[in-house]
Amino acid sequence: MSVQRAKGTLWESTIVKYLQEHGYPWAERRAMAGAYDKGDIHLPGVMIEAKALKTITLATIMDECKVQTANCPPGTVGVAWIKRRGKSVDQSYIVMDPETFLRLLHD
């Protein structure tokens, strides 16, 4: 396993553990699926794209998030959970587009 892949796997596992410890025991990592990838972490109705990058490029991350959300069942909300360098999971970023934010406000 490459160093980058190992970092990504660790970040995904950290997020899942955090979600499970905060009342979402059904949070789970997903297997990679190539062109039909449905994100890294699944909760009912939510797709999470986990990112642990040296440089945060929001446009690229959000484009990937949109593609992967489209591969999920209709109505799925997609967000990116981005690691802050040198910070713990509870000090990371969760990023979404305005359409997703408005859906969350409405529900």
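Residues numbered from 1 in each chain as written. Predicted model: local features only at pLDDT ≥ 70, side-chain atom pairs only at ≥ 80, totals over all residues. Heavy atoms only, no water.

(A) View of helix 2 (residues 58-70). Relative to the 18 Å expected for 13 residues at 1.5 Å per residue, helix 2 spans 18 Å between its end C-alpha atoms, a close match to the ideal helical length. Among the residues making up helix 2, those that are buried are I61, M62, C65, Q68 and T69. Take helix 2 and look down its axis: the buried residues cluster within an arc of 125°, on one side only. In helix 2, the exposed positions that point more than 90 degrees away from the buried face belong to A59, T60, D63, K66, V67 and A70. Looking at the buried positions of helix 2, the neighbouring elements they touch are strand 3 (46-51), strand 4 (77-82) and strand 5 (93-95). (Helix = DSSP H or I, 4+ residues; strand = E, 2+ residues; numbered from the N terminus. Expected span 1.5 Å × (residues − 1). Buried < 20%, exposed > 50% of the residue type's maximum accessible area, 1.4 Å probe, protein only. Arc of directions from axis to C-beta. Contact = heavy atoms within 4.5 Å.)

(B) Looking closely at the packing of aromatic side chains. All chains considered together, the criterion is met by two aromatic pairs. Seen from their ring centres, Y18 and W81 are 6.0 Å apart, and the 85° between their planes marks the pair as edge-to-face. Placement of the pair is Y18 in helix 1 (residues 3-21) and W81 in strand 4, with a sequence separation of 63 residues. Residue W81 is classed as buried on the basis of its relative accessible area of 6%. (Phe/Tyr/Trp six-rings, centres within 6.5 Å; stacked < 30°, edge-to-face > 60°.)

(C) Spotlight on the environment of I94. For I94, the position within the fold is in strand 5. When its relative accessible area of 46% is taken as the criterion, I94 is described as partly exposed. I94 sits 14 residues away from A80 along the chain, and the two C-alpha atoms are 5.6 Å apart.

(D) Fine view of helix 1. Between its first and last C-alpha, helix 1 extends 27 Å over 19 residues, near the 27 Å set by a 1.5 Å rise per residue. Every buried residue of helix 1 is accounted for by W11, E12, I15, V16 and L19. Mapping the buried residues of helix 1 onto a view down its axis gives an arc of 135°, with all of them on the same face. The exposed residues of helix 1 that point more than 90 degrees off its buried face are V3, L10, K17 and E21.

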